[in-house]
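Below, each chain spelled out in residue letters.
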Amino acid sequence: MAEPAFHRYETREALAEALAAGVAAVLAGAIATEGEARLAVSGGSTPKLFFEKLSGAEIDWHEVTVTLVDERWVPEENARSNAAMLRRHLLTGRAAAAHFVPFYEPSDMPEEVLDTLNDRFHRIGRNFDAVILGMGNDGHTASWFPHAPGLAGCLDPNTDDAVAIVHPLDQDEARVTLTFPMIADARFLAIHIEGEEKLKTLEAARAAGAVEAMPVRAVFGAARPGPLDVFWAP
Ligand SMILES: O=C(O)[C@H](O)[C@@H](O)[C@H](O)[C@H](O)COP(=O)(O)O
């Protein structure tokens, strides 16, 4: 299990600036070499400042496909929607020109549209140029929640599925999430966490233990072409 590259910043502002610059450089490089770039980011509260810095990056955003690593199964009108948060904080300014691929479809159960979602996310094409993960204090990342129904389907390194459905034990709404191969194959893969509690959670996740208990462990154990980067600020 390769040691992650750990990037510590004095402030959340400095972290957001550095991570935005790094991701913008990765995307610009992909556009220059492949003619397009693919980015998958997390929802939640941590990434908002990072998104605001990245949204102003002077890159050819119309050549960039942006999506989420996971979504709560709610429409964008719902305050819990990651897609709505992304439109507010990332897909504005220069980045409004990006092509956004959402998860949610008007259906009570994501199981009814899973084939549609798999087709949609397979069509995004080759592996992501950059994937930015968050992490919960229970050791979940994306919507890979500890011991949740559907977790095994997310973590199967041999799955052909791009998307899986998870029913977290402690939440009302279902989740849809990218599967392990979609995330582990990213050219640039980073975990962005902030605060002392998440640093402790990260240290616990780095210790030996069951992946099902702290699913972020799957990312640390992934055989990858490059390092996993951890970005942290107090
Ligand atoms: O839909 C989500 O909530 C995210 O994708 C999830 O994986 C998030 O990254 C962590 O829960 C951390 O969330 P915070 O940044 O709000 O602590």
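The structure displayed is predicted, hence computed values, not measured ones.

**Student:** How would you summarise the sheet that holds strand β5 (residues 99-101) if you had to cite specific residues and measurements?
**Tutor:** Taking strand neighbours across the sheet as the criterion, the seven strands line up as β1-β10-β9-β6-β2-β3-β5 in an open arrangement whose pairing is parallel. The strands lining the two open edges of the sheet, one partner per strand, are β1 (5-8) and β5. Adjacent strand axes in the sheet meet at a mean angle of 20 degrees, parallel and antiparallel pairs treated alike. Alignment of strand β3 (residues 64-68) against β5, held across three bridges, turns out to be parallel. Along β5, the bridge assignment pairs V66 with F100. Each of β2 (37-41), β3, β6 (130-133), β9 (188-194) and β10 (228-233) touches helix α1 (residues 12-34); the most contacted strand, β9, lies at about 165 degrees to it.

**Student:** Quick rundown of the sheet that holds strand β4 (residues 70-72)? Include the residues and the values.
**Tutor:** Strand order in the open sheet formed by three strands is β4-β8-β7, and the pairing between neighbours is antiparallel. Of all strands in the sheet, those with a lone pairing partner are β4 and β7 (163-166), marking the two edges. Between one strand and the next, the sheet's axes are offset by a mean angle of 20 degrees, whatever the strand orientation. Here β4 runs beside strand β8 (residues 175-178); their pairing, made up of three bridges, is antiparallel. Considered in β8, the bridge of R72 is made with R175. Lying over the sheet, helix α4 (residues 114-122) contacts β7 and β8, oriented at roughly 140 degrees with respect to β7.

**Student:** Quick one: what's the story with unusual backbone geometry, residue by residue and with numbers?
**Tutor:** With a phi angle near 50 degrees, A142 is a residue other than glycine that sits in the positive phi range. Judged by its relative accessible area of 8%, A142 is buried.

**Student:** Explain the site of the ligand to me, and be specific about the residues and the numbers.
**Tutor:** If you check the shell around the ligand, you find 14 residues, and the closest are T46, D70, H140, A142 and K198. Within the side chain of R72, an N or O atom sits 2.8 Å from an oxygen atom of the ligand. Take K198: an N or O atom from its side chain is 2.5 Å from an oxygen atom of the ligand. If the ligand stood free it would expose 410 Å²; the protein chains cover 87% of that surface. Among the cavities detected, the one that contains the ligand is the largest pocket. For the shell around the ligand, the class distribution of residues is two nonpolar, eight polar and four charged.

**Student:** I'd like a description of the environment of T179, backed by residues and values.
**Tutor:** By the secondary structure assignment, T179 is in the loop between β8 and α6 (180-184). When the C-alpha positions of T179 and G209 are compared, they lie 21 Å apart, and in sequence the two are 30 residues distant.

What counts, and where the lines are drawn
- Residues numbered from 1 in each chain as written.
- Predicted model: local features only at pLDDT ≥ 70, side-chain atom pairs only at ≥ 80, totals over all residues.
- Heavy atoms only, no water.
- Pairing = 2+ DSSP bridges.
- Helix = DSSP H or I, 4+ residues; strand = E, 2+ residues; numbered from the N terminus.
- Axes fitted to C-alpha atoms, helices over the stretch in contact; angles between N-to-C directions.
- Contact = heavy atoms within 4.5 Å.
- Buried < 20%, exposed > 50% of the residue type's maximum accessible area, 1.4 Å probe, protein only.
- Near = heavy atom within 4 Å.
- Polar contact = N/O pair within 3.5 Å; in protein donor to acceptor, adjacent residues only side chain to side chain.
- Areas by Shrake-Rupley, 256 points an atom, 1.4 Å probe, with all protein chains shown as cover.
- 1 Å grid on protein atoms, 1.4 Å probe; cavity = no way out; pocket = protein on both sides within 12 Å on 5 of 7 lines; lining within 4 Å.
- Sits in = over half its atoms within 2 Å of the grid points.
- Nonpolar A, V, L, I, M, F, W, Y, C, P; charged D, E, K, R; others polar.

None of the figures reported here should be taken as evidence of function without further support.
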